[in-house]
Amino acid sequence: MPFASVADFLAMGGHAPYVWSAWGVTLFFLLASVWHARLERRQLIKGLKRRERREQAHRAPHQDNAAGGGGHHDA
C-alpha cells in the first residue's frame, strides 16, 4: 500500500489542496454537465410538445374546410 494510513492518503504527500480541489472541480463540472443535459432535454421536449399542439391547432380548421368541400361556394 503506498500510504501508511488514511490520514497520509488524505494528505496526499503534502499535495492535498491541489489534489482534492482538482477532484472537486472535476466532480462539479461532471454534475453540472449532467444537470445541463437534463435541463436541455426537458426544454426540448416542452418545445416539441408546444410545436405539436400549435401544428394540430393550425391543421384543425383546414381539415374542417376540406371535409366540407374546401370552403369554395359558387353563387
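Below, the structure is looked at part by part.

Conventions we followed
- Residues numbered from 1 in each chain as written.
- Predicted model: local features only at pLDDT ≥ 70, side-chain atom pairs only at ≥ 80, totals over all residues.
- Heavy atoms only, no water.
- Helix = DSSP H or I, 4+ residues; strand = E, 2+ residues; numbered from the N terminus.
- Buried < 20%, exposed > 50% of the residue type's maximum accessible area, 1.4 Å probe, protein only.
- Salt bridge = Lys/Arg side-chain N within 4 Å of Asp/Glu carboxyl O.
- Phe/Tyr/Trp six-rings, centres within 6.5 Å; stacked < 30°, edge-to-face > 60°.
- Patch = residues over 30% accessible without salt bridge, like charges linked within 9 Å, V, L, I, M, F, W, Y side chains within 5 Å.
- Areas by Shrake-Rupley, 256 points an atom, 1.4 Å probe, with all protein chains shown as cover.

Brief notes about the overall build of the chain
Part 1: The helix and strand tally for the chain stands at 2 helices and 0 strands.
Part 2: The burial tally for the chain puts 4% of its 75 residues in the buried class.

Here we look at the pattern of salt bridges
Part 1: Counted by the stated rule, this structure contains 2 salt bridges.
Part 2: Among the salt bridges present, the one from Arg-59 reaches Glu-52, with a minimum N-O distance of 3.5 Å.
Part 3: Here Glu-52 falls in the partly exposed class, since its relative accessible area comes to 36%.

Observations concerning the packing of aromatic side chains
Part 1: Enumeration according to the criterion identifies 3 aromatic pairs in this entry.
Part 2: Measuring from centroid to centroid gives 5.4 Å for Phe-3 and Phe-9, while their planes differ by 80 degrees, and the two rings are edge-to-face.
Part 3: According to the relative accessible area criterion, Phe-9 is partly exposed, its value standing at 35%.
Part 4: Ring centres of Phe-28 and Phe-29 lie 5.2 Å apart, and the angle between their planes is 75 degrees; on these two criteria the pair is classed as edge-to-face. Here the two residues Phe-28 and Phe-29 agree in accessibility, since each one is exposed.
Part 5: Members of the aromatic cluster, connected to one another through ring pairs, are Phe-3, Phe-9 and Trp-20.

A few points about a nonpolar patch on the surface
Part 1: On the surface, Val-6, Phe-9, Leu-10, Trp-20 and Trp-23 cluster together into a nonpolar patch covering about 540 Å² of accessible area.
Part 2: Elements with a minimum of two residues in the nonpolar patch: helix H1 (6-11) and helix H2 (16-67).
Part 3: Tracing the chain through its elements places Phe-9 in helix H1.

Considering unusual backbone geometry
Across residues other than glycine, the phi torsion is negative in most instances, and most of the peptide bonds are trans.
Part 1: The backbone of Met-12 sits at a positive phi, close to 50 degrees, despite the residue not being glycine.
Part 2: Mapping Met-12 onto the fold places it in the loop between H1 and H2.

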